[in-house]
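Listed here are the chains, written in short residue letters.
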Amino acid sequence: MPRLPSPFATRLAAAAVAAAALCLPGPVWAWGPGAHQRIISEAIETLPKGLKPYYKSHRLEIPSLSAEGSTAEDAPERRFTADRLAPFPFTDLPRTEAALLARYPEDAARIGRLPWLIQESYDRLVEAFRSGDKTRILAESDTLGGYVADMSNPLALSDNADGQKTGQHGLWVRFSTKLPEAMDKRLKLGPEAARFLDDPKGHVFAMATAAYVWLDNLVYEEDLAHRGQSGYSELYYESLERRAGGLLRDRLDQAATDVGSYWFTAWTAAGRPELK
């Protein structure tokens, strides 16, 4: 079970408020290419029998899984640093972009657009399914998958995204890219089956809450993993795997389930057309 927000998290929230005037720091893509590819591949396996064969047949035509391995362009809007505006669990945050901008006219534009990117991409995927255009379906599935996967990373939701406020500079790349690479074949994933989302737009905020609850654990365990070490050697990553490897698996598993769920829901919203 995740450790709920503690005094350590309170310090993070206070630091976020103090830094509200700053621009978005650090990286802008929640997972490294390898982790992203794992999420998309595992998402295919979560799909029901009416949809899975289509994605499996065209797996290598999905942009991030193709031979070229292309991915969506990085952008600062691919995050949602919610703790700059409200304390966890963010119950007071408006659920529409217009309402958020109206309440926080200065800060709302600085925290990213990840919830709205997901909602916009979902709508495009529904239309792509209706069109039957394979290229559009696969490209938009990949785009939506990337956005949904981003939402599963606690660091994408925090103003302490790179550990810069707790003396852990570089935390983002160490957790999101290098730890998955270090674990390699030991990183066994087992996501749950995709499910139909009754409220796909509202589910965005449920994902945000489910991800952010792990933030305090991640920051705390990474700090312990580095204690007594001068750098970030193989020993450090072995320690980080022991302390945060389970957290990483949970986040990637949930990301794959959520990606598959959004694909399945979009296909259903489009009338479950026959795909070839």
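Presented here is an overview of the structure given in this document. (Residues numbered from 1 in each chain as written. Predicted model: local features only at pLDDT ≥ 70, side-chain atom pairs only at ≥ 80, totals over all residues. Heavy atoms only, no water.)

### So, the overall build of the protein chain
Consideration 1: Helices and strands together make up the secondary structure of the protein chain, namely 10 helices and 0 strands.
Consideration 2: Reading the protein chain from its N terminus to its C terminus gives the helix and strand order α-α-α-α-α-α-α-α-α-α.
Consideration 3: Scored against the burial criterion, the 276 residues of the protein chain give a buried share of 53%.
Consideration 4: Taking as baseline every contact in the protein chain between residues at least 6 positions apart, the subset at least 24 positions apart corresponds to 76%. (Helix = DSSP H or I, 4+ residues; strand = E, 2+ residues; numbered from the N terminus. Buried < 20%, exposed > 50% of the residue type's maximum accessible area, 1.4 Å probe, protein only. Contact = heavy atoms within 4.5 Å.)

### Remarks on the nonpolar core
Consideration 1: Residues Tyr55, Ile118, Phe129 and Trp263 are the most contacted members of the largest nonpolar core, which totals 80 residues.
Consideration 2: If you tally residues by element for this core, the top one is helix α10 (residues 234–269), at 14 residues.
Consideration 3: With sequence-adjacent residues up to four places away left out, Trp263 is seen in contact with Ile40, Ala43, Ile44, Leu47, Leu51, Tyr55, Leu125, Phe129, Ser141, Leu144 and Gly145. (Core = buried A, V, L, I, M, F, W, Y, C linked by side-chain atoms within 4.5 Å.)

### A look at the pattern of salt bridges
Consideration 1: What the rule picks out here adds up to 18 salt bridges.
Consideration 2: Here Asp107 ties to Arg110 by a salt bridge, and the two come within 3.8 Å at their closest N and O atoms.
Consideration 3: Close ionic contact of Asp258 with Arg195 constitutes a salt bridge, the shortest N to O distance being 3.8 Å. A residue pair is termed long-range when its members are at least 10 positions apart, and Asp258 in helix α10 and Arg195 in the loop between α7 (171–183) and α8 (200–212) qualify at 63 residues.
Consideration 4: Bridged by salt links that share partners, the residues Glu45, Lys52 and Lys56 form one connected network. (Salt bridge = Lys/Arg side-chain N within 4 Å of Asp/Glu carboxyl O.)

### Observations concerning the environment of Gln229
Consideration 1: Mapping Gln229 onto the fold places it in the loop between α9 (215–226) and α10.
Consideration 2: By relative accessible area, Gln229 is classed as partly exposed at 23%.
Consideration 3: Apart from the residues lying within four places of it in its own chain, the contact partners of Gln229 are Leu235, Tyr236 and Ser239.
Consideration 4: Separated by 3.0 Å, the side chain of Gln229 and the backbone oxygen of Ala225 make a polar contact. (Polar contact = N/O pair within 3.5 Å; in protein donor to acceptor, adjacent residues only side chain to side chain.)

### A closer look at the packing of aromatic side chains
Consideration 1: Tallied over the full model, the rule gives 13 aromatic pairs.
Consideration 2: Taking the centre distance of 4.6 Å and the plane angle of 5° together, the rings of Tyr55 and Trp263 count as stacked. Taken together, the positions of Tyr55 in helix α3 (residues 52–57) and Trp263 in helix α10 put the pair 208 residues apart, joining distant regions of the chain.
Consideration 3: Trp263 sits in the buried class, given a relative accessible area of 0%.
Consideration 4: Seen from their ring centres, Phe90 and Tyr212 are 4.9 Å apart, and the 80° between their planes marks the pair as edge-to-face. Highlighted residues: Phe90 in the loop between α3 and α4 (97–103) and Tyr212 in helix α8, separated in sequence by 122 residues.
Consideration 5: Taken together, the ring pairs in this structure connect Tyr54, Tyr55 and Trp263 into an aromatic cluster.
Consideration 6: Geometry around Tyr232 places Arg174 over its ring, the cationic atom sitting 4.1 Å from the centre. (Phe/Tyr/Trp six-rings, centres within 6.5 Å; stacked < 30°, edge-to-face > 60°. Lys NZ or Arg CZ within 6 Å of the ring centre and 35° of its normal.)

### Some remarks on helix α5 (residues 114–131)
Consideration 1: The terminal C-alpha atoms of α5, which comprises 18 residues, lie 26 Å apart, in line with the 26 Å expected from a rise of 1.5 Å per residue.
Consideration 2: Those residues of α5 that are buried are in contact with α3, α4, α6 (134–151), α8 and α10.
Consideration 3: One or two steps after α5, the chain reaches Gly132, where phi turns positive at roughly 75°. (Expected span 1.5 Å × (residues − 1).)

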